[in-house]
Amino acid sequence: MCGVFGIIGEYSPHKAREALKTLLHRGRDYCGVIERDGVFLAHQRLSITDPHPRSHQPMSRGKTLISFNGEIYNHRELRKRLKLSEWESASDTEVILAAYEAWGIECVNQLEGMFAFALLDGEKLYLVRDRFGKKPLFYHQGKETFVFASEIKAIKPFLASVDMNKEALHSYLSFLAPTPPHTFYKGIEKVQSGEWLCFEKNKLSKHRYYDVLQTPCSVISDKDEALRRIEEELHRSVAFRLDTEAPTAALLSGGLDSAMICAIAARQGKKLPVYTLGYNEYGAYDERANAAVTADYLGLEHTEVIISQDDFNEHLDDLLTHMDEPLNDPAALPLYLLMKKIGMDGYKVVLSGEGSDELFLGYRQYFEYLDIEKAASLHHKNWLKKYFHSHFSMNREWEWYKRVFDDTLLFRTSGEKFTDLQQNKLFRQNVRDNESLRFLNTYREEFEQSSHSDPSMWYSMIDLKLFVGEHFLAKLDRVSMAHTLEARTPFLDHRLAETVLSIAPNLRIGEGETKTLLKQVARNYLSDEIIDRKKKGFANPYMEWLIASGRLDLIREVNDKTGLFYPEVIEEYLNLACRGRFKQHVWGLYVLSHWINRELL
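Residues numbered from 1 in each chain as written. Predicted model: local features only at pLDDT ≥ 70, side-chain atom pairs only at ≥ 80, totals over all residues. Heavy atoms only, no water.

Undergrad: Help me understand the nonpolar core, please; the structure alone is not making it clear to me.
TA: General note: in soluble globular proteins, nonpolar side chains tend to be found buried as a group. Judged by nonpolar contacts, the single largest core of 194 residues is most densely connected at Phe 5, Phe 117, Met 260, Ile 342 and Leu 526. Here this core takes 13 residues from helix 16 (residues 455-481), the largest share from any one element. Apart from residues lying up to four places away in sequence, Phe 117 is in contact with Ile 66, Ser 67, Phe 68, Ile 96, Val 108, Leu 111, Tyr 126, Leu 127, Val 128 and Leu 137. Counting 18 residues, the second-largest nonpolar core is a separate cluster that includes Leu 127, Leu 137, Phe 148 and Val 191. (Core = buried A, V, L, I, M, F, W, Y, C linked by side-chain atoms within 4.5 Å. Buried < 20%, exposed > 50% of the residue type's maximum accessible area, 1.4 Å probe, protein only. Helix = DSSP H or I, 4+ residues; strand = E, 2+ residues; numbered from the N terminus. Contact = heavy atoms within 4.5 Å.)

Put into structure tokens, the structure is as follows:
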């Protein structure tokens, strides 16, 4: 995993190199720079595939240059298809260049893996991001320069001023992270997952090359075939991600997803060392005991990492600064510290279970939504509509029923946090009901024009696009790369995802049990005790720590200076959080306040 950075147009070599230094953590094995008139292309390398100096980047082939971040898991297969007489390296980077030479930019459709790269072909610059957004890529188009990088911190020095993008603010409050192309920095945008951009002669064009909705509907309608295909694709996906000589570990919670990755790896003859988080004073959040049972069952070397209030206090500011912009995920700090330990122990690669819940319907609320969808057909819903409109509640269930009775979109990602009406109550400006739908309209239109109609497919599709792509994967990339560690996600293999999403909805939904298909596959690898445990998620005592640290005052202080929100509504949320309610709402406000205080005040 690496850091990509570049400038097209006028630039100061000193300023460019200073900006590049901010990406050092993404790859400490080598720093490569190509400087030409009007071109600065650079790379911070974390050597995984072919660590030999011959594979250093930026890499060239003919007149084409590339700076590439990621892994192309099918690079060996592509080498055979490309049939070149000579190769200069064993790297996947060279394979991308050869594939581009053979097929042009459409070569991205042949690449399997996680990737973000900048490819310069004469006057054409291509910026490419992988299908599910595992690897990030940001850009800024100024009057004289076009700047791009793996992280915002390397682009920020090229802004004339730091100003907040209000669209990012509203989409962040709604969906935990800014929706593409927005970032919190006015003038900096991000490439969408499954998209490539072309910058030529000071003009920028965007092209979608992948949409999971292109997966045909209900191709697999036989349960036995579905289970067989899932198992085959899981084995292929895990094998791809274990095809490395770099030291590799895995995350292990008490849940099914990480256990399945480790179980399949063990079946393939690779028993991965595993790492689990724990909290001594907070047993309700602690998964060490359950993880230990799984590790013992599979015969894995197991390391427990304990996080305390002192760790929280010591590292929170560094983490939030490192993240560049607000991301409402309270698990970011524990995961950051876990990755730090894994990196210190000498590992370069770690496997993680993101994507399973969204593919296999692993959230209980998916089934709650499916049930509430039925209320749209009630004969007397107009009476209920009037009742709900006249009896406002901050509870999410109120909002769900109101949407059904209003004939508007019910499910708006699993990451939806502040509803429009909650935002209207909070902001000192008017926020209309359903205003946040503008961030989802394009995706919803694509869904309605696709071959899919079952609501569960919409749930999976929009969650993969936003909840996973812009929230979970953004967090995973920043906290792993902060410690020069490459995180791989076997469940987010696009061929596995397409297989799962081509299964008839009634089979995915089953009798209303979460992950019904994955659990049946898992019976071949894990004990019933491990499979049937109650899901905890990546819970941690963030609100208890935030309250004990006295940091909540920052929300009040920043709001007093900015006047963004009504103080009495802020107090209402703070009081509720102290009683264990609306905790993630308040965490989101704290993270936002930290950014505003750091960048704007």
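From this point on, the discussion continues.
Undergrad: In this structure, what is going on with the environment of Ala 295? I would like to understand it.
TA: Summarising the element assignment, Ala 295 is placed in helix 7 (residues 288-298). For the pair Ala 295 and Ser 253, spaced 42 residues apart in the sequence, the C-alpha separation amounts to 9.9 Å. Not counting residues within four places of it along the chain, the set of residues in contact with Ala 295 comprises Leu 252, Val 274, Leu 300 and His 302.

Undergrad: Please explain the side chain of Ser 352 as it appears in this structure.
TA: Relative to the elements of secondary structure, Ser 352 occurs in the loop between strand 16 (349-351) and helix 10 (356-360). Here Glu 354 takes part through its side chain, which lies 2.5 Å from a polar atom of the side chain of Ser 352. In this structure, Ser 352 is in contact with Leu 251, Ile 261, Leu 476, Arg 488, Thr 489 and Pro 490, ignoring residues within four places of it in sequence. (Polar contact = N/O pair within 3.5 Å; in protein donor to acceptor, adjacent residues only side chain to side chain.)

Undergrad: So what exactly am I meant to see when it comes to the packing of aromatic side chains here?
TA: Two measures describe an aromatic ring pair: the distance that separates the ring centres and the angle between the ring planes. Inspection of the entire model under this criterion finds 43 aromatic pairs. Summarising the aromatic geometry, the rings of Phe 5 and Phe 40 are spaced 5.9 Å apart at their centres and angled 75° between planes, so their arrangement reads as edge-to-face. Here Phe 40 lies in strand 3 (residues 39-45) and Phe 5 lies in strand 1 (residues 3-9), a separation of 35 residues in the sequence. There is no split in this pair, since Phe 5 and Phe 40 are both buried. Considering the side-chain rings of Tyr 185 and Trp 595, the 5.4 Å spacing of their centres and the 85° angle between planes classify their relative orientation as edge-to-face. Highlighted residues: Tyr 185 in the loop between helix 4 (166-175) and strand 10 (189-190) and Trp 595 in helix 24 (residues 583-599), separated in sequence by 410 residues. Comparing Tyr 185 with Trp 595, the two get one shared label, buried. Joined through ring pairs, the aromatic side chains of Tyr 279, Tyr 282, Tyr 285, Phe 312, Tyr 542, Trp 545, Trp 587 and Tyr 590 make up one cluster. Between Arg 444 and the ring centre of Trp 458, over which it is positioned, the NZ or CZ distance is 4.8 Å. Directly above the aromatic system of Tyr 542 lies the positively charged group of Lys 583, at a separation of 5.7 Å from the ring centroid. (Phe/Tyr/Trp six-rings, centres within 6.5 Å; stacked < 30°, edge-to-face > 60°. Lys NZ or Arg CZ within 6 Å of the ring centre and 35° of its normal.)

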